[in-house]
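# Overview (structure and organization)
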Amino acid sequence: MNFEKIFSQPPEAEANAPGRVNLLGEHTDYNDGFVLPTAIPQRTTVQLGFSADGQHHFYSEDLDEQVNILESNKTPSGFASYIFGCIELLKKEGYAIPPLSLYVKSTVPIGVGLSSSAALEVATLKGLRELLHLPINDVEIAQLGQQAEIQYAGLNCGIMDQMASSLADTDSMLFLDTRTLERSVIPFPEGAEILVIDSGVHHELAAGSGYNQRRAECEEAARRLGVKALRDITNPQAAEPLPELLRRRARHVITEDNRVLEAAQGVSAKRFGELMNASHTSQRDDYEVSVPAVDTLVAMLQKTSGVFGARLTGGGFGGACVALVATGQGRGIATKVLEQFNQAGYTGRILVPPKDL
Ligand code: GLA
């Protein structure tokens with residue numbers, strides 16, 4: 001399938017954006033904290049043209065699904081909601097958006113914590129920028145993408161995913177202060193590379209999930225501690241007076257911010273790995289966003305020689321693990337660990353390095 005076959009005309013603009021994997025700094029972005037993601041090789045591509053019949057037409061190659069939207073229509077569901085959200089937000093910014101035909105194809109895996117939705121939002125917005133010559137920069141694109149996710153897909157997310165998809169590359173890490181959006185590019189620890197393995201247990205973060213609940217708990221903890229956001233606290237002891245559940249949530253965020261700040265100073269692969277392992281324990285026990293399949297996979301990785309550290313990555317409640325491993329050993333380690341993991345009854349798969357891109 002391609003744009004011309006679906007819409008009987010060639011595309012007039014095209015843009016793409018990558019998924020991301022977060023190395024450290026999980027659930028810190030909506031607490032105004034620090035994150036350390038990198039882009040992954042898998043990308044989402046959006047091709048665009050003008051539609052002549054007064055309706056928007058969005059086609060997803062991966063789902064083989066077309067959604068047609070009259071200007072007056074209410075928000076669609078599924079992949080179309082993200083595209084629709086981007087268009088509506090641009091209209092609210094005062095830009096005139098004519099009826100469009102959009103063709104989407106993607107190699108970013110869905111529901112595993114690698115930000116397939118941010119890749120779709122950022123690719124859509126960059127495509128619209130190109131087609132309509134909009135004067136918006138990459139940071140504004142990330143901010144609009146985040147709003148599309150919050151207002152049109154119901155996930156009360158932070159800005160990490162869209163910033164990473166809009167600005168990060170696969171060769172380095174993006175150290176980002178999510179309050180000020182100050183950022184710097186940091187090399188991977190020397191002698192190390194990234195491995196991402198899907199646990200096979202997938203998540204649905206939007207509306208009704210524990211994600212929005214975690215965010216509300218953090219906001220409550222910050223309110224009780226008298227700070228604007230948990231980012232304003234650096235000593236985990238400060239969380240002690242909170243009720244038990246809020247204390248654990250706050251402790252995760254405070255210690256996780258500290259781990260990112262330490263890693264961003266440029267630590268050895270060994271130390272970086274220790275910080276990742278501590279991050280996993282904190283996500284599992286204090287933040288309670290892991291699941292047994294992910295804990296099993298992380299434990300297997302952590303025990304394997306050549307692995308510096310491993311942890312759950314992304315929003316959680318299932319999804320993928322990221323590991324820092326000795327350069328050149330990624331695929332070998334993944335094959336060995338997956339054999340063990342899948343023998344235990346799971347259906348894991350290697351996502352990075354990708355097999356066939
Ligand atoms: C999801 C959200 C991000 C971030 C992560 C957890 O990916 O979209 O904003 O909160 O979860 O770190």
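Everything discussed here concerns the structure shown above.
Notes on the structure in this doc start here. Since this is a predicted model, take the numbers as computed values, not measurements. (Residues numbered from 1 in each chain as written. Predicted model: local features only at pLDDT ≥ 70, side-chain atom pairs only at ≥ 80, totals over all residues. Heavy atoms only, no water.)

Lining the immediate environment of the ligand, one finds Arg-20, Glu-26, His-27, Asp-29, Tyr-30, Cys-157, Gly-158, Met-160, Asp-161, Tyr-211, Gly-314 and Gly-315. Residue Asp-161 places a side-chain N or O atom 2.7 Å away from an oxygen atom belonging to the ligand. Its free accessible area being 310 Å², the ligand has 97% of it covered by the protein chains. With respect to the pocket detection grid, the ligand is positioned in the largest pocket. (Near = heavy atom within 4 Å. Polar contact = N/O pair within 3.5 Å; in protein donor to acceptor, adjacent residues only side chain to side chain. Areas by Shrake-Rupley, 256 points an atom, 1.4 Å probe, with all protein chains shown as cover. 1 Å grid on protein atoms, 1.4 Å probe; cavity = no way out; pocket = protein on both sides within 12 Å on 5 of 7 lines; lining within 4 Å. Sits in = over half its atoms within 2 Å of the grid points.)

Turning next to the sheet that holds strand 2 (residues 34-35). As a general point, the strands of a sheet are linked pairwise by backbone hydrogen bonds and lie either parallel or antiparallel. Overall, antiparallel pairing links the three strands, which are arranged 2-7-8 in an open sheet. Edge strands, defined here as strands with exactly one partner in the open sheet, are strand 2 and strand 8 (183-186). (Pairing = 2+ DSSP bridges. Helix = DSSP H or I, 4+ residues; strand = E, 2+ residues; numbered from the N terminus.)

Peptide bonds are trans in most cases, and residues, glycine excluded, mostly fall at negative phi. At the junction of Val-352 and Pro-353, the peptide bond is cis and its omega measures out at 0° in the coordinates. Counting through the fold element by element, Pro-353 comes out in the segment after strand 12 (349-352). Of note, Glu-288 is a non-glycine position whose phi angle comes to about 55°, a positive value. Phi is positive for Phe-317, which is not a glycine, with a value near 60°.

Here we take up the sheet that holds strand 5 (residues 65-70). The strand order 1-3-6-4-5 describes an open sheet built from five strands, whose pairing is mixed. Of all the strands in the sheet, just strand 1 (13-22) and strand 5 have a single pairing partner and so form its edges. For this sheet the average axis-to-axis angle between neighbouring strands, irrespective of direction, equals 20°. Where strand 3 (residues 37-50) and strand 6 (residues 100-106) come together, seven bridges link them in antiparallel fashion. Residue pairing for strand 6: Thr-45 is matched across the bridge by Lys-105. In the packing of helix 5 (residues 160-167) onto the sheet, the strands contacted are strand 1 and strand 3, and the crossing angle to strand 1 comes to about 125°. (Axes fitted to C-alpha atoms, helices over the stretch in contact; angles between N-to-C directions. Contact = heavy atoms within 4.5 Å.)

A volume near 840 Å³ is recorded for the largest pocket. Along its surface, the largest pocket is lined by 41 residues, and Tyr-82, Ile-110, Gly-111, Ser-116 and Ser-117 are the ones closest to its centre. A breakdown of the residues in the lining of the largest pocket according to their chemical character gives 18 nonpolar, 16 polar and seven charged. Each of two domains, domain 1 (3-185) and domain 2 (189-352), supplies a minimum of three residues to the lining of the largest pocket. (Points joined across faces, edges and corners; volume = space filled by probe spheres on them. Nonpolar A, V, L, I, M, F, W, Y, C, P; charged D, E, K, R; others polar. Domains from an automatic or database assignment.)

Our focus in this paragraph is the packing of helix 8 (residues 269-285) against helix 9 (residues 292-303). One can describe the packing of helix 8 onto helix 9 by two numbers: an axis separation of 12 Å at closest approach and a directional angle of 160°. Between helix 8 and helix 9, the angle is such that the two are roughly antiparallel. The chirality of how helix 8 crosses helix 9 is left-handed. Where helix 8 abuts helix 9, its residues Asn-277, His-280 and Arg-284 lie against Val-294, Asp-295, Val-298 and Gln-302. Residue classes in the contact of helix 8 with helix 9 are distributed as two nonpolar, three polar and two charged. (Parallel < 35°, antiparallel > 145°, perpendicular 65-115°, else oblique. Left-handed = near helix turned anticlockwise from the far one by under 90°.)

Locating Glu-288 in the fold gives a position in the loop between helix 8 and helix 9. For Glu-288 and Ala-142, which are 146 residues apart along the polypeptide, the C-alpha to C-alpha distance reads 28 Å. Sequence-distant contacts of Glu-288, defined by excluding residues within four places in its chain, comprise Arg-214, Leu-245, Arg-248, Arg-249, Gln-283 and Phe-317. A polar contact is formed between the side chain of Glu-288 and the side chain of Arg-248, at a distance of 3.1 Å.

Moving on, we come to the packing of aromatic side chains. Summed over all chains, the structure comprises six aromatic pairs. An angle of 15° between the planes, with centres 4.5 Å apart, marks the rings of Phe-341 and Tyr-346 as stacked. Residue classification places Tyr-346 among the partly exposed residues on the basis of a relative accessible area of 25%. (Phe/Tyr/Trp six-rings, centres within 6.5 Å; stacked < 30°, edge-to-face > 60°. Buried < 20%, exposed > 50% of the residue type's maximum accessible area, 1.4 Å probe, protein only.)

Turning our eyes to something else, we now look at the pattern of salt bridges. Under the definition given, this model contains 24 salt bridges. The shortest N-O distance in the salt bridge between Arg-271 and Glu-274 comes to 2.9 Å. With a gap of three residues between them, Arg-271 and Glu-274 both fall in helix 8, about one helical turn apart. Each of Glu-217, Glu-244, Arg-248, Arg-249 and Glu-288 takes part in salt bridges that share partners, so that together they form one network. (Salt bridge = Lys/Arg side-chain N within 4 Å of Asp/Glu carboxyl O.)

Let us look at the packing of helix 4 (residues 138-153) against helix 5. With their axes 8 Å apart at the nearest point, helix 4 and helix 5 run at an angle of 140° to one another. One finds that helix 4 runs oblique with respect to helix 5. Pair helix 4 / helix 5 crosses with right-handed handedness. Facing helix 4, whose interface residues are Asp-138, Val-139, Ile-141, Ala-142, Gly-145, Gln-146 and Glu-149, helix 5 presents Gln-162, Met-163, Ser-166 and Leu-167. When grouped by side-chain class, the residues that make up the contact of helix 4 with helix 5 number five nonpolar, four polar and two charged.

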